[in-house]
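Summary of the model geometry
As a plain string of letters, each chain reads:
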Amino acid sequence: MYAMEDGYVIKVGSRKSQLALIQTNYVVDCLKNFHPDKNFEIVTMSTTGDQILDKPLPKIGEKSLFTKELEIALVNNEVDFVVHSLKDLPTTLPTGMTIGAICKREDPRDAVVINAKYKGKSLGTLPKDSVIGTSSLRRAAQLHQKYPDLLVKDVRGNLNTRLRKLDEGDNYAALVLASAGLSRMGWQERVSQVLNPDEMLYAVGQGALAVECREGDRVTLTLLEPLHDRDTALCVLAERSFMRTLGGGCTAAMAVCSELKVVHEKGDMKKDDVESSEDESSSIHIDVSLGSSSNTEDRNTLDRSADREYHRVIETLHLTGGVWSPDGKHCLTKSLSRTLPEAHGAVDRPPARKCPYLMARLYCGITGGGSRGTGRAELEVAEALGRELAKDMETEGALEIMGGSKAVASVGLPAPVKS
C-alpha cells in the first residue's frame, strides 16, 4: 500500500475469542487516539489452534497454530494488519511479513487460579495429588520440578472455557494461566497466586501484543509506529533470539525472564573529559550551564573551554533462560547481560523506500529503525544476547535436555499418574 485514500477502511485481523477481541480493540482504540481521522474494521477468523480442541497443543505439532490463517489473510490483502499475543508468533515469520509494532508489555508472569473448594490455598499448600491444569509443556515441567506431589493434566480451550472446566467439576484443583490474559479480561480477582520468576519462568513474549503487517507496506508501518514500545521490544527480541537459536516453541519446555535496567549518573565533567568524550561514541548526554550569551560564536568558545555537567544513562539488558525435561527432573538455567551501546532515544533514519538494500532488516521478525525509538545498534545487542545465552547453554547440555521435551510433544502431556 502506498497511500490510504480518504474514506479508506483499515481492516484489522483478529481471532474470534473474547480475549483476542479485547486485545484487538485495545490496539484499534490506541490507533484511533493517534489517528482520529482513520476508519477501522475488525475482521475475525478461527485458527487451527482454535479449531482443534481434542489434542494437546504440542501433539498437534504444527507451527503457527494461532497465526497461520491470519497471515494468509495478510498475504491475500484481505486485512491490513493483524493483532497477536506475541507468544503465539514463531520467531521466523512467513516471507514478506513483519512485526510492525510491539505494544508495552503487561505483567509477563504466570498466575494460579484455584478451584473454589480450595479457597485460600496456593500451589505449595494444596493436598497431595491435586490436579493442576495446563496445556503448556513449559508450565508442566516446572510444576513437576517444584511441586512433585502435584499432578499435571492437559486442559484446552480459550480462557473462558478453561475457567469453566475448573469451576464446573472436580477434575482440576487449579489452573496456571498467563496473568496478562486474566487482567485484560478483567478477572484479576480470580488470581489466587502470582508466580514470580524464581518460582516459574515465563514464556517467550508473554504479556506483550504484536501487530503483524506486510513488510513492504510502508504506509501501515508508519501508521503503527506510535504503538511501538522500545523497552518491551528489546526485552522480547532477546527472548525470541534465545528461542530461535535453541529451536524451541510449544514442543519444548523452555522459559525466560528479561529485564532492562537503567542507571542514571550525574556529575561534573572537566574540560579534558569533555574533549575526550566528544571523540568517542558513548551514551553521555551533556547539559551545559554557562549562563546566557547572545553570540553563538562566543558560546561555542565557552563550550570548549569550560567544565560541564553530564548526565549519563547506562542501560543493561538482562536475560535468564531455562530448559527442562518433561518430568522436571533435569533442568538448566543460566543468565547473561549486556550493556546497550546507545542511550534511550537513539533513532535511526527511516530507510529509503526505493532502495531495497537500505530497507531495515528484521530482528526475529521485528522491524527496527524508523521513528520507533529503537536503534539498530541496540537491536543487534539484544539479538546477540539471546543468541549468546543459547549457545552457552548448548555447551552445557540444553539440547539433550530439550530432546526429552520434544519427544513428549509427539504424544502430548502424559495423563496424571499418582506416585
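Model, not experiment: these values are computed from the prediction.

1. Regarding the overall build of the protein chain
Across its full length, the protein chain holds 13 helices and 16 strands. Scored against the burial criterion, the 419 residues of the protein chain give a buried share of 51%. In the protein chain, 76% of the contacts between residues at least 6 apart in sequence involve partners at least 24 apart.

2. Side note on the environment of Gln193
Relative to the elements of secondary structure, Gln193 occurs in strand 9 (residues 193–195). Gln193 sits 71 residues away from Ser122 along the chain, and the two C-alpha atoms are 6.5 Å apart. Look past the residues within four positions of Gln193 in its chain and what remains in contact with it is Asp110, Ala111, Val112, Ser122, Leu123, Tyr147 and Glu199. Within the structure, Gln193 has its side chain in polar contact with the backbone nitrogen of Leu123 (distance 3.0 Å).

3. Notes on helix 5 (residues 137–146)
Where burial is concerned, most of helix 5 is hidden: seven out of the 10 residues are buried. Among all positions in helix 5, only Leu137, Arg138, Arg139, Ala140, Ala141, Gln142 and Leu143 are buried. One side-chain oxygen at the N-terminal end of helix 5 lies 3.2 Å from the backbone nitrogen of Arg138; it belongs to Ser136.

4. Here we look at the environment of Val236
Within the secondary structure, Val236 is located in helix 9 (residues 230–246). Classification of Val236 by relative accessible area gives buried; the value is 0%. Between the alpha carbons of Val236 and Ala382 there is a distance of 8.7 Å; along the sequence they are 146 residues apart.

5. Some thoughts on the pattern of salt bridges
A full pass over the atoms with the stated rule returns 16 salt bridges. Here Arg214 and Asp217 are joined by a salt bridge, their closest N and O atoms 3.7 Å apart. Of the two residues examined, Arg214 and Asp217, each falls in the buried class. The salt bridge partner of Arg244 is Glu383, with a shortest N-O separation of 3.2 Å. Taken together, the residues span a long stretch of sequence, with Arg244 in helix 9 and Glu383 in helix 12 (residues 376–395) at a distance of 139 residues.

6. Focus: helix 4 (residues 68–75)
Residues of helix 4 that are buried include every one of Leu70, Glu71, Ala73 and Leu74, and no others. An end-on view of helix 4 places all buried positions within 155 degrees of arc, on one side of the element.

7. Description of the confidence of the model for the protein chain
Of the residues in the protein chain, 74% reach a pLDDT of 70 or more, and the chain-wide mean stands at 82. Within the model, the stretch residues 49–62 combines pLDDT values under 50 with 34 contacts to residues more than four positions away or in other chains. Segment residues 344–359: pLDDT under 50, and 29 contacts once partners within four positions in sequence are set aside and those in other chains are kept.

8. Overview of the environment of Glu394
Mapped onto the secondary structure, Glu394 falls in helix 12. In this structure the C-alpha to C-alpha distance between Glu394 and Leu246, which are 148 residues apart in sequence, comes to 7.6 Å. Beyond its immediate stretch of four places on either side in the chain, Glu394 contacts Thr245, Leu246 and Leu399.

9. Points about the sheet that holds strand 5 (residues 110–114)
Strand order across the open sheet formed by five strands is 7-6-8-5-9, with mixed pairing between neighbours. With partners counted over all chains shown, the strands left at the sheet margins are strand 7 (151–153) and strand 9, one partner each. Along the sheet, successive strands turn relative to each other by an average axial angle of 30 degrees, direction set aside. Across three bridges, strand 5 lies against strand 9 in antiparallel orientation. From the neighbouring strand, Asp110 faces strand 9, where its bridge partner is Leu195. Contacts from helix 5 reach strand 5, strand 6 (131–133), strand 7 and strand 8 (174–178) within the one sheet, and its direction differs from that of strand 8 by about 130 degrees. The strands that helix 6 (residues 159–167) touches are strand 5 and strand 8; relative to strand 8, the one it contacts most, it runs at about 165 degrees.

10. Notes on the nonpolar core
Leu86, Ile99, Ile102, Phe242, Leu246 and Val323 are the most contacted members of the largest nonpolar core, which totals 54 residues. Those elements that provide at least two residues to this core are helix 4, strand 4 (97–102), helix 9, strand 11 (254–269), strand 13 (308–324), strand 14 (331–339), helix 12 and helix 13 (398–409). The biggest single contributor to this core is helix 9, with nine residues. Residues contacting Ile99, with those up to four places away along its chain left out, are Leu86, Leu89, Leu93, Ala210, Val211, Glu212, Arg240, Cys364, Gly365, Ile366 and Thr367. In this structure, Val28, Phe40, Cys213 and Leu224 belong to the second largest nonpolar core, which totals 20 residues.

About the criteria used
- Residues numbered from 1 in each chain as written.
- Predicted model: local features only at pLDDT ≥ 70, side-chain atom pairs only at ≥ 80, totals over all residues.
- Heavy atoms only, no water.
- Helix = DSSP H or I, 4+ residues; strand = E, 2+ residues; numbered from the N terminus.
- Buried < 20%, exposed > 50% of the residue type's maximum accessible area, 1.4 Å probe, protein only.
- Contact = heavy atoms within 4.5 Å.
- Polar contact = N/O pair within 3.5 Å; in protein donor to acceptor, adjacent residues only side chain to side chain.
- Salt bridge = Lys/Arg side-chain N within 4 Å of Asp/Glu carboxyl O.
- Arc of directions from axis to C-beta.
- pLDDT = per-residue confidence, 0-100.
- Pairing = 2+ DSSP bridges.
- Axes fitted to C-alpha atoms, helices over the stretch in contact; angles between N-to-C directions.
- Core = buried A, V, L, I, M, F, W, Y, C linked by side-chain atoms within 4.5 Å.

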